[in-house]
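Listed below are the residues making up each chain.
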Amino acid sequence: MVVDAGLAPAHIELRAVSKHFGGVRALDSVSLSVRAGSVHAVVGENGAGKSTLGKIVGGVIAPDEGEVALNGAVVRWRGPHEALNHGVATIAQELAIVPELTAAQNVFLGAEPRRGVLLRRRELLRRYTSLCGRVGFGVPADTLAGELRVADQQKLEILRALARDAQFFVFDEPTAALGRDDIEKLHQVISRLRSQGRTVLLISHFLREVLEVANDVTVLRDGRLVRCGPAATETEGSLVQAMLGRSFEQPFPPKRRPPAGSPALLEIHDLWAAGVKGASLKVHAGEIVGLAGLVGAGRTELAQALVGARPAQRGRVVLAGKPFERRTPRRMLAAGLAMVPESRKEQGLFLGRPVGENAALSVLKELSRLGYVKRRTERRTVHEALQHVGVRSADMVEAGTLSGGNQQKLLFARVLLTKPLVLVADEPTRGVDVGARRAIYDLLAGFAADGRGVLIISSDAEEVLGISHRILVMRAGQVVAELDGETATEEDLVSASLLERRAS
Ligand SMILES: Nc1ncnc2c1ncn2[C@@H]1O[C@H](COP(=O)(O)OP(=O)(O)O)[C@@H](O)[C@H]1O
Ligand SMILES: [Mg+2]
């Protein structure tokens with residue numbers, strides 16, 4: 001139970017490792033050496049095989065072919081626990097924190113100092129404080145883990161691994177759920193692990209950050225290693241090019257302005273709800289409207305009140321000329337107003353169920369009316385929808401095995417199957433890699449070019465400016481400014497989000 005910086009640093013090699021899932025070749029003869037005491041980043045599009053590689057290194061799954069060597073000796077671990085016994089820890093996206101225990105209790109879970117059945121609180125605290133002191137980071141010992149922010153819960157997982165003497169860390173997209181500040185803090189922790197001689201395999205899609213923190217970078221594409229070398233010789237552009245296998249021209253599709261005089265498909269007049277204080281806006285046929293503003297400005301709340309996922313006290317919602325007073329998400333979906341919510345995990349997908357079933361969820365009733373042809377029709381319809389959004393994996397695999405970007409595309413497939421008139425997308429590219437991002441923009445642009453309307457909520461200024469025909473800025477529950485998507489700059493957007501409206 002000690003952190004001993006004197007332990008031999010860990011060096012891991014993959015030798016011609018392959019892994020298949022059914023017909024999918026997730027890894028294809030990948031050979032790779034992670035130098036002891038380095039941070040080695042792995043990047044690639046969604047589905048490239050990054051998590052599979054991380055799981056093989058962390059002993060979570062075994063390769064079909066090839067071998068893994070730790071400090072030169074071939075290892076065959078029968079699970080992450082065995083890997084951890086050899087000093088290899090995995091920090092996955094789903095954290096294994098017990099929310100009702102304190103920070104210190106979580107770190108020493110299963111190895112608490114006891115006298116008989118009694119927990120020795122003071123000893124626990126002493127060990128915890130000493131551990132934090134030696135590694136140079138921590139969180140208050142007595143805080144309940146469930147009350148910590150994700151970034152601090154991650155620290156607990158790292159501390160727990162350090163308490164078990166981990167020398168090699170696998171991080172699988174640890175930043176997907178973090179804000180900018182927390183990403184920076186996590187990278188400080190990673191740098192600190194390295195400065196203590198530990199080795200880190202970092203799977204991430206934040207290329208800029210990866211280039212700052214990593215010594216080496218590996219690029220995977222379709223299960224193959226296409227590039228591996230020092231981070232210092234790479235740029236964001238060179239990595240993207242290697243990831244996609246082609247040069248990366250434009251992050252956004254060209255904007256096609258809606259024809260002048262297009263009718264309003266969606267109108268919101270003076271809407272009031274918790275967090276929304278008299279908001280009004282319109283979305284026209286063929287238009288992508290960006291909804292910008294700071295976190296807490298009321299954008300998600302507005303979207304929820306709009307589709308009936310949050311009670312509204314007052315206000316009018318008109319869809320295709322028809323007012324809707326008593327709104328529920330189901331009723332609005334049937335009327336042609338669909339929402340892709342912000343949090344895929346909490347609000348959208350059944351991760352344990354097949355992809356096809358998840359996609360079909362919104363149209364099951366309609367399809368079942370078709371009687372005995374139902375199953376075949378369902379399969380074909382769903383398959384087409386998945387193809388349309390570019391989800392490549394089989395319809396039968398569990399949604400939870402899809403990468404973040406593919407899960408997001410799956411949610412789009414589901415709502416597009418309902419053939420909506422207006423699509424509301426809340427942070428549709430959060431936690432999504434570059435390739436899938438462009439695919440989602442193409443979907444939105446195509447949807448609008450079809451004469452339908454899009455309302456996109458986004459905290460990414462570049463994205464709002466890049467995709468929207470018109471941008472509305474919210475502050476304190478109201479729409480306070482309107483910007484032209486062609487001419488507005490990032491400064492315009494920031495000042496409209498931050499500054500009080502001046503009387504002109
Ligand atoms: N448990 C699984 N069952 C079936 N297919 C899987 C499983 N895990 C991964 N895959 C498939 O293997 C490929 C690589 O996936 P993954 O390693 O998760 O990629 P990444 O992490 O780069 O997004 C994808 O096509 C994915 O759908
Ligand atoms: Mg992954």
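Predicted model, so just to flag it, every value in this text is computed and none were measured.

**Comments concerning the packing of aromatic side chains**
Scanning all chains against the criterion turns up two aromatic pairs. An angle of 20 degrees between the planes, with centres 6.0 Å apart, marks the rings of Phe169 and Phe171 as stacked. Centre to centre, the rings of Phe252 and Tyr441 are 4.9 Å apart; their planes meet at 40 degrees, and the pair counts as tilted. Taken together, the positions of Phe252 in the loop between helix 8 (236–244) and strand 13 (264–273) and Tyr441 in helix 16 (residues 434–449) put the pair 189 residues apart, joining distant regions of the chain. Each member of the pair, Phe252 together with Tyr441, is buried.

**Concerning the packing of helix 4 (residues 121–135) against helix 5 (residues 150–163)**
Relative orientation of the contacting elements helix 4 and helix 5 amounts to 100 degrees, with a least axis distance of 11 Å. When the interaxial angle is binned, helix 4 and helix 5 end up roughly perpendicular. Residues Tyr128, Leu131, Cys132 and Val135 of helix 4 lie in contact with helix 5, whose contacting residues are Leu156, Leu159, Leu162 and Ala163. Taken together, the residues that form the contact of helix 4 with helix 5 break down as eight nonpolar, no polar and no charged.

**Quick notes on the site of ligand 1**
Close to ligand 1 lie 14 residues; Gly47, Gly49, Lys50, Ser51 and Thr52 are nearest. Between Gly47 and ligand 1, the recorded distance is 2.7 Å, taken from a backbone N or O atom to an oxygen atom. Contact between ligand 1 and Ala48: an oxygen atom at 3.2 Å from a main-chain N or O atom of the residue. Taking 560 Å² as the accessible area of ligand 1 by itself, protein coverage stands at 82%. Elements supplying a minimum of two residues to the shell around ligand 1: strand 2 (24–34) and helix 1 (50–57).

**What about the domain arrangement of the protein chain?**
According to the domain assignment, the protein chain consists of domain 1 (12–244), domain 2 (250–336 + 420–504) and domain 3 (345–419). On a C-alpha basis, the centroid separation for the pair domain 1 and domain 2 is 37 Å. At the interface, eight residues of domain 1 touch six residues of domain 2. Around 550 Å² of area is buried between domain 1 and domain 2 when both sides are counted, 59% of it from carbon and sulfur atoms. When the buried area of domain 1 at its contact with domain 2 is split by residue, Glu45, Asn46 and His205 rank highest and sum to 60% of it. The interface formed by domain 1 and domain 2 contains zero salt bridges. For the pair domain 1 and domain 2, the interface holds zero residue pairs in polar contact (both at pLDDT 80 or more). The biggest single contributor to the side of domain 1 that touches domain 2 is helix 8, with three residues. Among the residues forming the side of domain 1 that touches domain 2, the class breakdown is five nonpolar, two polar and one charged.

**Section: the environment of His383**
Position of His383 among the secondary structure elements: in helix 14 (residues 374–389). With a relative accessible area of 37%, His383 lands in the partly exposed category. Taking the C-alpha atoms as reference points, His383 and Gly356, 27 residues apart in sequence, are found 7.3 Å from one another.

**Looking at a negative patch on the surface**
Together, Glu462, Glu490, Glu491 and Asp492 make up a region of like negative charge exposed at the surface. It is helix 18 (residues 490–498) that provides the largest number of residues to the negative patch, a total of three residues. Assignment of secondary structure puts Asp492 in helix 18.

**Focus on the nonpolar core**
One finds Tyr128, Leu156, Ile158, Leu159, Phe169 and Phe171 to be the most contacted residues of the largest nonpolar core, which totals 53 residues. Take this core: its biggest share by element is seven residues, from helix 5. When residues no more than four places from it in sequence are discounted, the contact partners of Ile158 are Ile91, Phe137, Phe169, Phe171, Leu186, Val189 and Leu193.

**Some words on the sheet that holds strand 6 (residues 88–91)**
The strand order 6-9-10-3-11-12 describes an open sheet built from six strands, whose pairing is mixed. The open sheet is flanked by strand 6 and strand 12 (224–230), the only strands paired with a single partner. Neighbouring strand axes in the sheet, compared pairwise and without regard to direction, differ in orientation by 15 degrees on average. Against the sheet, helix 1 contacts strand 3 (39–43), strand 6, strand 9 (168–172), strand 10 (199–203) and strand 11 (216–221), and its axis sits at roughly 155 degrees relative to strand 10.

Reading guide: rules and limits
For every chain, the first residue of the written sequence is number 1, and numbering continues from 1 along that sequence. Whichever chain is written first is A, and whichever ligand is written first is 1; the rest continue in order. For a predicted model such as this one, the threshold for reporting local features is a pLDDT of at least 70, and the threshold for listing and counting side-chain atom pairs is 80 or more; totals across whole chains, interfaces and linings nevertheless cover every residue. In computing side-chain properties, one takes all heavy atoms of the structure into account and sets aside hydrogens as well as water. Working definition: a ring pair exists when centres of Phe, Tyr or Trp rings (six-membered ring for Trp) sit within 6.5 Å. Plane angles under 30 degrees give stacked, over 60 give edge-to-face, the rest tilted. Numbering of helices and strands runs from the N terminus, with a helix taken as a DSSP run of H or I at least four residues long and a strand as a DSSP run of E at least two residues long. In this scheme, a residue with accessible area under 20% of its type's maximum is buried, one over 50% is exposed, and one in between is partly exposed, where area comes from a 1.4 Å probe on protein chains only. What counts as an axis is a line fitted to C-alpha atoms, over the stretch in contact for a helix, and the angles between N-to-C directions run from 0 to 180 degrees. By definition in this entry, angles of less than 35 degrees are roughly parallel, angles greater than 145 are roughly antiparallel, angles of 65 to 115 are roughly perpendicular, and the rest are oblique. Contacts between residues were defined by any pair of non-hydrogen atoms, one from each residue, lying within 4.5 Å. Gly is placed with the polar residues, together with every amino acid not listed as nonpolar (Ala, Val, Leu, Ile, Met, Phe, Trp, Tyr, Cys and Pro) or charged (Asp, Glu, Lys and Arg). Only heavy atoms are used to decide nearness, and a residue is near a molecule or strand if one of them lies within 4 Å of it. Here a polar contact is recorded for every N or O atom pair within 3.5 Å, except that within protein the pair must consist of a potential hydrogen donor and a potential acceptor, and residues adjacent in sequence are included only if both atoms are side-chain atoms. Surface accessibility follows the Shrake-Rupley procedure with a 1.4 Å probe radius. Residue values consider only the protein chains on display as shielding. Marked domain ranges trace back to an automatic or database domain assignment. Buried area counts how much accessible surface, traced with a 1.4 Å probe, disappears from two parts once they are put together, with both parts' losses summed. Put simply, a salt bridge is a Lys or Arg side-chain nitrogen that is within 4 Å of an Asp or Glu carboxyl oxygen. Candidate patch residues must exceed 30% relative accessible area and have no salt bridge, after which like charges are joined if within 9 Å and Val, Leu, Ile, Met, Phe, Trp or Tyr side chains if within 5 Å. As used throughout, the charge tally considers Lys and Arg to be positive and Asp and Glu to be negative, leaving His and the chain termini uncounted. Where a charge lies is defined by one atom per residue type: Lys uses NZ, Arg uses CZ, Asp uses CG and Glu uses CD. What is meant by a nonpolar core is a set of buried Ala, Val, Leu, Ile, Met, Phe, Trp, Tyr and Cys residues, joined one to another through side-chain atoms within 4.5 Å. By definition, two strands form a pair when at least two bridges between them are found by DSSP.

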